Amino acid sequence: MAKTRTLESKAREMIQQKMMESGEMETEEIMDLIRPHYLFDPAVAREQAIRRKAHQLAAQIRDEKGVRSVFACKVDGISMYVNIDESHNTQNLRGVETQLAEKLEGLKRSSYKASKRRMEVEGQMHMDLDKMAQGEGN
């Protein structure tokens with residue numbers, strides 16, 4: 001399925017800029033920014049919903065220990081789901097391993113970034129409280 005545009009690039013840029021400038025935004029706020037610019041195609045939306053449902057169903061398949069068994073990956077440019085408990089295709093299993101390794105590395109980088117920022121904010125808050133206690137904050 002070819003990618004279709006749901007937002008014009010200028011609208012996407014404007015919304016992302018507002019998100020970058022904000023410390024926090026509620027989901028509804030972002031949705032409100034998107035609504036006036038969203039390009040809706042019912043046929044495309046239906047296919048996207050079916051794809052999401054396929055992914056949800058596959059992601060729910062677990063082994064007897066509760067560990068996920070089926071993963072989406074791309075092998076030679078073809079999207080597929082691989083049941084790692086049943087597959088005998090080493091290329092497909094490598095595809096799952098690669099995809100999981102990439103996701104794990106991305107999560108590690110994001111976790112480090114979040115921890116670093118939290119520590120910066122906590123340190124800044126501590127410094128601000130020290131200044132206030134010494135009368136410098138007034």
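Coordinates for the structure precede this section.
Structure report, in brief.

1. A look at unusual backbone geometry
- In this structure, Asp-76 is a non-glycine residue whose phi angle is positive, near 55°.
- Relative to the elements of secondary structure, Asp-76 occurs in the loop between strand 1 (70-75) and strand 2 (78-83).
- Residue classification places Asp-76 among the exposed residues on the basis of a relative accessible area of 66%.

2. Structural notes on the pattern of salt bridges
- Scanning the model with the defined rule gives 4 salt bridges in all.
- With a closest N to O distance of 2.5 Å, Asp-32 and Arg-35 form a salt bridge.
- Residue Asp-32 is classed as partly exposed on the basis of its relative accessible area, which comes to 46%.
- In this structure Arg-35 comes out as partly exposed when scored by relative accessible area, which is 46%.
- One salt bridge connects Arg-117 with Glu-120, and the closest N-O pair in it is separated by 3.3 Å. Of this pair, Arg-117 and Glu-120 are both found in helix 4 (residues 90-133), 3 residues apart, which corresponds to roughly one turn of the helix.
- Assessed through its relative accessible area of 41%, Glu-120 is described here as partly exposed.

3. Digging into the layout of surface pockets
- Taken as a whole, the second largest pocket spans an internal volume of roughly 180 Å³.
- Of all the secondary structure elements, the ones that give two or more residues to the lining of the second largest pocket are helix 3 (42-59), strand 1 and strand 2.
- Its residues placed into classes, the lining of the second largest pocket shows 5 nonpolar, 2 polar and 2 charged.

4. Re the nonpolar core
- In terms of nonpolar packing, the biggest core is built from 5 residues, these being Phe-71, Cys-73, Val-75, Val-82 and Val-96.
- Broken down by element, this core gets its largest block of residues, 3 residues, from strand 1.
- For Phe-71, the residues in contact, after removing those within four places along its chain, are Met-80, Tyr-81, Val-82, Ile-84, Val-96, Gln-99 and Leu-100.

5. Observations concerning the pairing of strand 1
- Relative to strand 2, strand 1 runs antiparallel, the two being bridged by 6 bridges. Within strand 2, the position partnered with Cys-73 by the bridge is Met-80.
- Counting the residues between successive antiparallel strands, the hairpin from strand 1 to strand 2 contains 2 residues, one of them, Asp-76, with a positive phi of roughly 55°.

6. Notes on the packing of aromatic side chains
- Within this structure, the stated rule accounts for 1 aromatic pair.
- Summarising the aromatic geometry, the rings of Tyr-38 and Phe-40 are spaced 6.4 Å apart at their centres and angled 35° between planes, so their arrangement reads as tilted.
- For Phe-40, a relative accessible area of 56% gives the class exposed.

7. Details of the side chain of Asn-92
- Counting through the fold element by element, Asn-92 comes out in helix 4.
- Sequence-distant contacts of Asn-92, defined by excluding residues within four places in its chain, comprise Cys-73, Val-75, Met-80, Val-82 and Ser-87.

8. Topic: helix 3
- With 18 residues, helix 3 extends 25 Å between its outermost C-alpha atoms, agreeing within 8% with the 26 Å of an ideal straight helix rising 1.5 Å per residue.
- The complete set of buried residues in helix 3 reads Val-44, Ala-58 and Ala-59. Within helix 3, the buried residues cover an arc of 100° as seen down the axis, which keeps them to one side. In helix 3, the exposed positions that point more than 90 degrees away from the buried face belong to Pro-42, Ala-43, Arg-46 and Leu-57.
- The elements touched by buried residues of helix 3 are strand 1 and strand 2.

Thresholds, definitions, all that
- Residues numbered from 1 in each chain as written.
- Predicted model: local features only at pLDDT ≥ 70, side-chain atom pairs only at ≥ 80, totals over all residues.
- Heavy atoms only, no water.
- Helix = DSSP H or I, 4+ residues; strand = E, 2+ residues; numbered from the N terminus.
- Buried < 20%, exposed > 50% of the residue type's maximum accessible area, 1.4 Å probe, protein only.
- Salt bridge = Lys/Arg side-chain N within 4 Å of Asp/Glu carboxyl O.
- 1 Å grid on protein atoms, 1.4 Å probe; cavity = no way out; pocket = protein on both sides within 12 Å on 5 of 7 lines; lining within 4 Å.
- Points joined across faces, edges and corners; volume = space filled by probe spheres on them.
- Nonpolar A, V, L, I, M, F, W, Y, C, P; charged D, E, K, R; others polar.
- Core = buried A, V, L, I, M, F, W, Y, C linked by side-chain atoms within 4.5 Å.
- Contact = heavy atoms within 4.5 Å.
- Pairing = 2+ DSSP bridges.
- Phe/Tyr/Trp six-rings, centres within 6.5 Å; stacked < 30°, edge-to-face > 60°.
- Expected span 1.5 Å × (residues − 1).
- Arc of directions from axis to C-beta.

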